[in-house]
Amino acid sequence: MLSSINPANNILIKNYDEMTSPESADIISLADKAFKNWKETSFIHRSELMKNAAKVLRDNSEEYSVLMTIEMGKPIVQSRTEVEKCAWVCDYYADNAEKILADEIIKTEATKSFVSYQPLGVILAVMPWNFPFWQVFRFAAPNLMAGNAGLLKHASNVSGCALAIEDVFRKAGFPENLFRTLLVKSKNVKDIISNTKVQAVTLTGSVPAGKSVAALAGSLIKKTVLELGGSDPYVVLEDADLHQAAMSCVTSSLINAGQSCIAAKRFIIVESVYDEFEKLYLEIMSKKRMGDPLDENNDLGPQASLQLRDELHDQVLRSIKQGAELILGGTVPEIDGAYYPPTILRNVKPGMPAFDEELFGPVAALIKAADENDAINLANKSIFGLGASVFTKDIKRGEQIAKEKLNAGCCFVNDFVKSDPRLPFGGIKESGYGRELSPFGIKEFMNIKTVYIK
Ligand code: NAP
């Protein structure tokens, strides 16, 4: 049984029957059959259907937004933005896939030699609950446009979203079974990966889940893309616009109640502006409202479940025990629901959970650095390497730090890290490998074929 429980009140929304292994295997066979026809279709046809998917999303935005909010607690305004972003990624690949995947002539001694991009087949996506629509669409839009078929194993707490997404593609007119949801638990993922009709796997989620899926897929020589955790550092230099930096930092800390792989987690501020930045950051964070995620006036809702909230609180307590100082939040409110308030820890140092681990919630770690070099060293002192940001009025300095010094897949200057269909997204180190979005993302699950004609 898969259960959707509203984290705002801990009330059961619905139980879903799990699919049996033979049921999953049947769906995989049907998806493979659908792929064999789909790969022969034109880009114009695929593009038309993908534009329909964008329209279905926009036409039903409120229904999908409420579904996300009640299943995992995202503030309703952010759910609406998420639906629109999904429509955007559908439009982006509908407009650009043909151009990106066109044959590329390469001059050699041959009469003609070129690269051709051919789809691989059925691709499995193992997805997390934190952006229950966006994570899936950024996989599905490029892959369906590329001619692949998609299988979704979504997080167990968002089965309603998983089925609604399958329905978006049905409503848009995509062939039956080209995109299917498998309602299974994580222990069943190994059977799906082992199925010979599944060609590759993408997983967005935690490091342990990534390691387990990649180990099995690797043993079967199936390609993987991994989008894993992060502990994004935000470096604030002495010449930063401190007010703008503090605003951006708070926004990033609280997106999705801090449950974003690219939420700002570690704030590394050079000593000379530390006190002023801390004051501004505390002032802005203190004004944020936590409450019912369906109420548009609230900035953050609950965490996605009581268990996740309790794990987060434990990380905060362990950091305090090791010397971090609590200056905001940090207590579990005595109300129903998995709420955790905006929390700030200062005097955070390497070795503490708030520095070394991913804190998946609205918890900020303030870290003092002696100067730019010290700040960059601290920023890079992490097992993760997903996003990073630097704040400075000197654009050249910021650009050089972002390009050459910060060890992460997405480095921003004077803004918080965000994903964009036009730009590649992904990490290094234990944040994973491979890229989603942009021309890079659509090529991950293609046979990059050399054709040589004498
Ligand atoms: P999670 O526990 O790893 O779950 C993610 C997905 O993997 C779920 O569908 C889960 O299924 C499945 N799963 C878990 N363990 C598995 C295993 N051993 N084998 C196969 N599948 C397994 O992560 P989460 O708590 O849902 O999501 C939060 C994590 O995702 C954070 O670490 C966050 O940073 C990361 N994330 C990364 C990105 C990115 O782009 N880099 C984006 C968003 C989130 P069940 O639900 O059935 O357990």
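Described in the following lines is the structure provided in the data block. Every chain's residues receive numbers from 1 upward, in the order its sequence appears when written. With the structure being a predicted model, the display of local features is reserved for residues of pLDDT at least 70 and the display and counting of side-chain atom pairs for 80 or more, all residues being used for whole-chain, interface and lining totals. Side-chain numbers here rest on the full set of heavy atoms in the structure, without hydrogens or water.

A closer look at the site of the ligand
Residue proximity to a molecule or strand is established when one non-hydrogen atom of the residue lies within 4 Å of it. What surrounds the ligand is a group of 27 residues, the closest being Arg 138, Ser 156, Ser 206, Leu 228 and Glu 358. Residue Ser 212 places a side-chain N or O atom 3.5 Å away from a nitrogen atom belonging to the ligand. Between Glu 358 and the ligand, the recorded distance is 2.6 Å, taken from a side-chain N or O atom to an oxygen atom. Relative to its free-state accessible area of 900 Å², the ligand is covered by the protein chains to the extent of 84%. By the criterion applied in these results, polar contacts are pairs of N or O atoms within 3.5 Å in which, for protein atoms, one can donate a hydrogen and the other can accept it, and in which residues neighboring in sequence qualify only through two side-chain atoms. Computed with a 1.4 Å probe, the accessible areas rest on the Shrake-Rupley method; for each residue, only the protein chains presented here act as cover.

Concerning the sheet that holds strand 4 (residues 112-119)
At least two DSSP bridges between two strands are required for those strands to pair. Only runs of H or I of at least four residues qualify as helices and only runs of E of at least two qualify as strands under DSSP, and these elements are numbered from the N terminus. Taken in spatial order, the three strands make up an open sheet running 3-4-20, and their pairing is antiparallel. Of all the strands in the sheet, the pair left with one neighbour each is strand 3 (104-105) and strand 20 (446-453). In the sheet, strand 3 pairs with strand 4 via two bridges, with the strands oriented antiparallel. By the bridge assignment for strand 4, Glu 104 is matched with Val 115.

Here's the deal with helix 11 (residues 306-321)
A helix's residues, less one, multiplied by 1.5 Å, set its expected span. Here helix 11 spans 22 Å end to end across 16 residues, near enough to the 22 Å set by a 1.5 Å rise per residue. Note on exposure labels: buried denotes an accessible area under 20% of the residue type's maximum, exposed denotes more than 50%, and partly exposed covers the range between, all computed with a 1.4 Å probe on protein chains only. Of the positions making up helix 11, those classed as buried are Arg 309, Leu 312, His 313, Gln 315, Val 316 and Ser 319. Projected onto a plane normal to the axis of helix 11, the buried residues spread over an arc of 155 degrees and lie on a single side. Those residues of helix 11 that are exposed and aimed more than 90 degrees away from the buried face are Gln 307 and Lys 321. Elements in contact with the buried residues of helix 11: strand 13 (343-346), helix 12 (353-356) and strand 14 (363-369). In this description, one arc is meant: the one made by directions from the helix axis to the C-beta atoms. Contacts are assigned to residue pairs with any non-hydrogen atoms lying within 4.5 Å of each other.

Focus: the packing of helix 3 (residues 61-72) against helix 6 (residues 159-171)
Contact geometry of helix 3 with helix 6 gives a least axis separation of 9 Å together with a crossing angle of 160 degrees. As summarised for this structure, helix 3 and helix 6 are arranged roughly antiparallel, according to the angle between their axes. In this structure, helix 3 crosses over helix 6, and the sense of that crossing is left-handed. Residues Tyr 64, Leu 67, Met 68 and Glu 71 of helix 3 pack against Ser 159, Gly 160, Cys 161, Ala 164, Val 168 and Lys 171 of helix 6. Gly counts as polar in this scheme, as do all residues outside two lists: the nonpolar Ala, Val, Leu, Ile, Met, Phe, Trp, Tyr, Cys and Pro, and the charged Asp, Glu, Lys and Arg. Its residues assigned to classes, the contact of helix 3 with helix 6 shows six nonpolar, two polar and two charged. In this analysis an axis means a line fitted to C-alpha atoms, helices contributing only their contacting stretch, and an angle means the value between N-to-C directions, from 0 to 180 degrees. Convention used here: angles under 35 degrees read as roughly parallel, angles over 145 as roughly antiparallel, angles from 65 to 115 as roughly perpendicular, and any remaining angle as oblique. Note: crossing handedness is left-handed where the near helix turns anticlockwise from the far helix by less than a right angle, and right-handed where it turns clockwise.

Some remarks on the environment of Phe 35
Inspection of the secondary structure assignment puts Phe 35 in helix 1 (residues 21-38). Distance in space between the C-alpha atoms of Phe 35 and Gly 121 is 6.1 Å, their sequence separation being 86 residues. Not counting residues up to four positions away in its chain, the partners in contact with Phe 35 are Pro 119, Leu 120, Gly 121, Gly 147, Asn 148, Ala 149 and Leu 178.

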